[in-house]
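Topology and contacts: notes
Below, each chain spelled out in residue letters.
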Amino acid sequence: MQALFKYHVHWRHQDKLYVDEYSAASAVAAVDYFNDHKRSDVFLVRVELVGPDEGGLREFARSPDSPFGPLMARRRLDQDEDAR
């Protein structure tokens, strides 16, 4: 089983500084995840180790200041989804 740690990722958008929390195996993994999924107008400032991730269920709020683009569900409109 791989140990996960909590990291605070500080990022900048239009001269404002924001902080998000991620679980990752290492600081490099947290940075890679952030850079792979961020918007083009967001810049990574620094990453800080918070401590071990104890698991549990987290519910993330959708912030209007999120560094990530919104996910869009793709549905097939040519088929009836309720038909079995």
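Here, the structure is the one placed above.
Heads up: these notes are all about the structure in this document. Here the residue numbers are simple positions, counted from 1 along each chain's written sequence. Reporting of local features is limited, given that this is a predicted model, to residues whose pLDDT is at least 70; pairs of side-chain atoms are given and counted only at 80 or more, and all residues count toward the totals for whole chains, interfaces and linings. Note that water and hydrogens are dropped before the side-chain values are worked out from all heavy atoms of the structure.

Remarks on unusual backbone geometry
Located in the positive-phi region is Q14, a residue other than glycine, with phi close to 50°. Relative to the helices and strands, Q14 is located in the loop between β1 (5-13) and β2 (16-24). Here the term buried applies to any residue with accessible area under 20% of the maximum for its type, exposed to any over 50%, and partly exposed to those in between, with areas from a 1.4 Å probe on protein chains only. Judged by its relative accessible area of 66%, Q14 falls in the exposed class. Backbone geometry places D15, a non-glycine residue, at a positive phi of 65°. In this text, helices come from DSSP runs of H or I with a minimum length of four residues, and strands from runs of E with a minimum of two, each type numbered from the N-terminal end. Considering the arrangement of structural elements, one finds D15 in the loop between β1 and β2. According to the relative accessible area criterion, D15 is exposed, its value standing at 70%.

A look at the nonpolar core
Here, nonpolar core means buried Ala, Val, Leu, Ile, Met, Phe, Trp, Tyr and Cys residues that are tied together by side-chain atoms lying within 4.5 Å of each other. Listed in full, the six residues of the largest apolar core are V9, W11, Y18, Y22, F34 and V42. If you list the elements that add at least two residues to this core, you get β1 and β2. Note on contacts: a residue pair is in contact if any heavy atoms of the two residues lie within 4.5 Å. Not counting residues up to four positions away in its chain, the partners in contact with V9 are Y18, V19, D20, Y22, F34, L44, R46 and V47.

Some thoughts on the pattern of salt bridges
The salt bridge definition used is simple: a Lys or Arg side-chain nitrogen within 4 Å of an Asp or Glu carboxyl oxygen. Throughout the structure, instances matching the rule amount to two salt bridges. Between R39 and D41 there is a salt bridge whose closest N-O contact spans 3.0 Å. For R39, a relative accessible area of 25% puts it in the partly exposed group. Judged by relative accessible area, which is 33%, D41 ranks as partly exposed. The shortest N-O distance in the salt bridge between E48 and R46 comes to 3.2 Å. Of the residues examined, R46 reaches a relative accessible area of 39% and is grouped as partly exposed.

Concerning the environment of P52
Tracing the chain through its elements places P52 in strand β3 (residues 43-52). Residue class for P52 comes out exposed when judged on its relative accessible area of 53%. Taking the C-alpha atoms as reference points, P52 and Y7, separated by 45 residues in sequence, lie 9.1 Å from one another.

Digging into the side chain of H10
Looking at the secondary structure, you find H10 in strand β1. The exposure class of H10 is buried, given its relative accessible area of 8%. Ignoring any residue separated from it by four or fewer positions in sequence, one finds H10 in contact with L17, Y18, V19, L44, V45, R46 and E48.

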